[in-house]
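This is what each chain is made of:
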Amino acid sequence: MEKVVTRTHSTRLVLWLLIIIEFSLLFFSAFSAEIPSRKIKDIINKVPAVKLHRDNERVFIDNGLVEVTIEDPSGHLLGIKYKTMPNVLETRNHNNNKGYWDVVWDNQAYDKLPGQYMKIITQTDDVVEVSFTKTWKSTTDRRSSVPLNIDKRYIVRRGVPGVYMYGIFEREAEFPDAHMYQIRIAFKLKEDKFHFMAVSDSRQSIVPTAEDRVGGRCQALAFKEACLLTNPTDPRFRGQVDDKYQYSAENKDSKVHGWISDDDAVGFWVINPSNEYQTGGPHKQDLTCHVGPTALSMFTSTHYTGMEMDVLFKTGEPWKKVFGPVFIYLNSAASDPNHGYRNTLWNDAKRQLSKEIGSWPYNFVASEDFPHADRRGEVNGQLLVRDPYIYKKLMQAKSAFVGLAAPGIAGSWQTEGKGYQFWTQTANTGRFSIKNVRPGVYNLYAWVYGFIGNYKLEQEITIQPGNKINLGTLIYDPPRNGPTLWEIGIPDRTAAEFFVPEPNPSLVNSIINNNHDRFRQYGLWDRYSEIYQNGDLVYNVGVSNYSKDWFFAHVPRNVGNNTNRPTTWQIRFNLQEVKEAGNYTLQLALAAASYAEVQVRFNDPNSRPYFTTMRIGLDNVVPRHGIHGLYRFYSINVPGNRFQRGENTIFLTQSRSQVSFEAVMYDYIRLEGPAV
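Residues numbered from 1 in each chain as written. Predicted model: local features only at pLDDT ≥ 70, side-chain atom pairs only at ≥ 80, totals over all residues. Heavy atoms only, no water.

Per an unreviewed UniProt entry, the protein is named rhamnogalacturonan endolyase, and its organism is Hibiscus sabdariffa. Turning to the protein, the UniProt record has this under Sequence similarities (unreviewed entry): "Belongs to the polysaccharide lyase 4 family." (UniProt positions renumbered as here; feature names shortened; annotations may be inferred.)

What follows is the structure in structure tokens.
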């Protein structure tokens, strides 16, 4: 019996190989013979065509793999039929709460951007694109909706199991002022189906349900997004914490995330093939998925930046931007009792992501506001670093982030919230190529791992359709006034290299199960007062190890009764000689700041601060479980008479302590001696 089965499998394998070989021969012959080309077309034509039909309230687009249902004329996504699932979206929800765009604008008002008119843009056997539009009118919409003209688009393609979504948003010059704090697409999936969430290779798990977060099943913690599950529907989650910010990711890493239905072995994935339409650059952090089950495509937000993100749109400033397309991808696998299909679905979603990235910018998008590849430009060059105190020769800027963003000051790309951004990383030689850049005027920005500060090329760069610009060799001179006497940390714009404590075992989220993500656990700010209960942090240069002895966040001390006190950290070091007439430099790089103030004193903790940042930052990174927010840099000149031969101490006081989350995260600290 075993031999028969073996022959059967062998026969099937041979047949599949013959089919593949035949198709390959046909494919390559198509370039030289008309008949094989027609055969290929015949094979392709066996894939069902894309069909569109309408009733009085809905638009249906069906390609034989998915059937997409959209409300007419609002443009809200009502359903996606896939495989054995009549609808992957939650059918019990209101029509505007299944798959929808929304904007959070002035006074935290929500606008779900309902359309008023539906139009068929493209309708062929290969692709259907439809549009749902609304034009803002001051006479009727001034108080009820965000001052914005909207055009929401859906695209379904032949043979592709999913739907592409993008939006064209426009403000005319006479529109009134408006803040647009958040722009996104949200998907509410079937609550009884999708329980397994995947946002990265390391953060994947079954998660609690929306019901688990209601009163009687959970206990509210220090802020509304976080709760302790006390009586969950699944006893495995009892005593765990859930908070949507624990599932955040940087733009550059948030390329694919989604949910899996174990009952059907079906995956629902949000794929971002490009970051060009997202604000704040590659390191901007934002939400991905959260308990609901909810999947998000975030375009603009003030998360991890606060109101320093430029989201104020003023009268007299016309603006237009295309958000997306993003791809909603569905896949399936053979079910098995050991749940091996989860890994299969996740890996397949990542493969699909690679295909989408390789196809960017899409050539099937109909809007003239979305330029295809032949209407875009390219910028090439090489970035070198000059720091003679490290190496006398020029150094290649390895793995540096280089990008184009709206003109501004060095580092302004972090808070740029209106335009497009295009980023890449350099090769080991420092060479870079930024491809598929939309026409426009930009500055070129960069930062280099291992070096402090921000780079900006002073000349503006104008991209025109089809042009390629070679900038040649660019040289970055990072801030430096003298030789390094000592340093703490790594200039990488995060606090990840510092000591991140184990969480309180009664406040753990089990999806965070590796050291790399430990900073995402709840309540780590309170661990400082427990670990340093007998006094604040003291760091001895040459003895201490920053990965063990430098707490990742400079937070207030919790003294009980909802009371906090400022904390003062000490850096102790020895100087064998002091040049009193010389100038020393304290280079202070911050990875995050939230309503904080860092005061710097030298050798006298009771003196007036020699330097203060004043109150800075709206990042709110500590309660949102981040390891960085906005990068800030201070170069502090210190006269030599502030130091003494032998033992010295720098006192760093975080003076704000109204709440536990007023804090800073350090990126890197360096003391430089007088210039040589």
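(A) Structural context of the overall build of the protein. Looking only at helices and strands, the protein features 6 helices and 44 strands. Against the 2.2 N^0.38 benchmark of 26 Å for 676 residues, the protein shows a C-alpha radius of gyration of 28 Å, consistent with a compact globule. Each principal axis of the C-alpha distribution contributes one length, and for the protein these read about 90 × 75 × 60 Å. Here the protein holds 676 residues, and 56% of them are scored as buried. Long-range pairs, those at least 24 residues apart, make up 70% of the contacts in the protein between residues at least 6 apart in sequence. Charge separation in the protein, taken as the distance between the mean sites of 77 positive and 72 negative side-chain charges, equals 2 Å. (Helix = DSSP H or I, 4+ residues; strand = E, 2+ residues; numbered from the N terminus. Rg over C-alpha atoms; globule rule 2.2 N^0.38 Å. Buried < 20%, exposed > 50% of the residue type's maximum accessible area, 1.4 Å probe, protein only. Contact = heavy atoms within 4.5 Å. Lys, Arg positive; Asp, Glu negative; His and termini not counted. Charge placed at Lys NZ, Arg CZ, Asp CG, Glu CD.)

(B) View of the sheet that holds strand 40 (residues 611-612). Strands sit in the order 34-37-43-39-40 across an open sheet of 5 strands; the sheet is mixed. Looking at the sheet topology across the chains shown, the edges are occupied by strand 34 (538-540) and strand 40. Of the strand pairs in this sheet, strand 39 (residues 598-602) and strand 43 (residues 646-654) are connected by 5 bridges, and their pairing is antiparallel. Across the sheet, residue Phe 602 finds its bridge partner in strand 43, namely Ile 650. (Pairing = 2+ DSSP bridges.)

(C) Structural context of the environment of Asp 126. Inspection of the secondary structure puts Asp 126 in the loop between strand 7 (117-123) and strand 8 (127-134). Looking at Asp 126, the relative accessible area reads 45%, which means it is partly exposed. For the pair Asp 126 and Asn 63, spaced 63 residues apart in sequence, the C-alpha separation works out to 8.9 Å. The residues touching Asp 126, leaving out its near neighbours within four places in the chain, are Val 50, Val 156, Arg 157 and Arg 158.

(D) Broad picture of helix 5 (residues 524-531). All buried positions along helix 5 are accounted for by Leu 524, Trp 525, Arg 527, Tyr 528 and Ser 529. Considering only its buried residues, helix 5 is in contact with strand 35 (557-560) and strand 37 (567-575).

(E) Local environment of the sheet that holds strand 19 (residues 266-271). The 9 strands lie next to each other as 7-8-9-10-24-19-18-12-13, forming an open sheet whose pairing is antiparallel. Looking along the sheet, the strands with just one partner apiece sit at the ends: strand 7 and strand 13 (204-206). With strand direction ignored, the average angle separating the axes of adjacent strands in the sheet is 20 degrees. Of the strand pairs in this sheet, strand 8 and strand 9 (residues 149-157) are connected by 8 bridges, and their pairing is antiparallel. If you follow Ser 131 over to strand 9, its bridge partner there is Arg 153. (Axes fitted to C-alpha atoms, helices over the stretch in contact; angles between N-to-C directions.)

(F) Summary view of the side chain of Arg 376. Positionally, Arg 376 belongs in the loop between helix 4 (340-358) and strand 25 (377-385). Exposure remark for Arg 376: the relative accessible area of 3% places this residue in the buried category. Within the local environment of Arg 376, its side chain forms a polar contact with the backbone oxygen of Pro 371, the two atoms lying 2.8 Å apart. (Polar contact = N/O pair within 3.5 Å; in protein donor to acceptor, adjacent residues only side chain to side chain.)

(G) Here's a closer look at helix 4. For helix 4, which comprises 19 residues, the first-to-last C-alpha distance of 28 Å matches the rise-based estimate of 27 Å (1.5 Å per residue) to within 8%. All buried positions along helix 4 are accounted for by Tyr 341, Arg 342, Leu 345, Trp 346, Ala 349, Gln 352, Leu 353 and Glu 356. Seen from one end, helix 4 has its buried residues packed into an arc of 140 degrees, which puts them on one side. Of the exposed residues in helix 4, the ones pointing more than 90 degrees away from its buried face are Ser 354, Lys 355 and Gly 358. In the core, the buried residues of helix 4 are packed alongside strand 10 (162-171), strand 12 (194-198), strand 13, strand 18 (256-261), strand 19 and strand 24 (319-332). (Expected span 1.5 Å × (residues − 1). Arc of directions from axis to C-beta.)

(H) Spotlight on the UniProt feature "domain: Rhamnogalacturonan lyase" (unreviewed entry) in the protein. UniProt marks residues 398-471 and 484-671 with the feature "domain: Rhamnogalacturonan lyase" (unreviewed entry), using the numbering shown here. Secondary structure within residues 398-471 divides into 0% helix and 50% strand; the distance between the first and last C-alpha atoms comes to 17 Å.

(I) Geometry of the confidence of the model for the protein. The share of residues in the protein with pLDDT of 70 or more is 93%, and the mean pLDDT across the chain is 93. Every residue in residues 1-35 is under pLDDT 50, and counting partners more than four places away or in other chains gives 10 contacts. (pLDDT = per-residue confidence, 0-100.)

(J) Representation of the pattern of salt bridges within the structure. In the structure shown here, the tally under the stated rule is 37 salt bridges. Residue Asp 348 is joined to Arg 351 by a salt bridge in which the shortest nitrogen-to-oxygen separation is 4.0 Å. Taken together, the residues span about one helical turn, with Asp 348 and Arg 351 both in helix 4 at a distance of 3 residues. Note that Asp 517 and Arg 520 form a salt bridge whose closest N and O atoms lie 3.3 Å from each other. (Salt bridge = Lys/Arg side-chain N within 4 Å of Asp/Glu carboxyl O.)

(K) View of the packing of aromatic side chains. Overall, the coordinates contain 47 aromatic pairs when judged by the stated rule. Between Tyr 164 and Tyr 362, the aromatic rings sit 5.1 Å apart at their centres with planes inclined by 75 degrees, giving edge-to-face as the arrangement. One end of the pair, Tyr 164, is in strand 10; the other, Tyr 362, is in the loop between helix 4 and strand 25, and 198 residues separate them in sequence. Residues Tyr 164 and Tyr 362 agree in their burial class; the two are buried. Ring centres of Tyr 522 and Trp 525 lie 5.0 Å apart, and the angle between their planes is 75 degrees; this geometry places the pair in the edge-to-face category. (Phe/Tyr/Trp six-rings, centres within 6.5 Å; stacked < 30°, edge-to-face > 60°.)

(L) A look at the environment of Gly 582. Mapped onto the elements of the fold, Gly 582 is located in the loop between strand 37 and strand 38 (583-596). Residue Gly 582 is classed as buried on the basis of its relative accessible area, which comes to 13%. As a C-alpha pair, Gly 582 and Lys 418 span 164 residues in sequence and 45 Å in three-dimensional space.

(M) Quick peek at unusual backbone geometry. With an omega of 10 degrees, the peptide bond running from Asp 72 to Pro 73 counts as cis. Relative to the assigned elements, Pro 73 resides in the loop between strand 3 (66-71) and strand 4 (77-82). Note the cis peptide between Gly 324 and Pro 325, where omega equals 5 degrees. If you check the backbone angles, Leu 113 has positive phi at about 55 degrees while not being a glycine.

(N) Up close: the side chain of Asn 509. Within the fold, Asn 509 resides in the loop between strand 33 (484-489) and helix 5. A distance of 2.7 Å separates the side chain of Asn 509 from the side chain of Gln 246, its partner in a polar contact. Those residues in contact with Asn 509 that lie beyond four places of it in its chain are Gln 240, Val 241, Asp 242, Gln 246, Tyr 247 and Gln 521.

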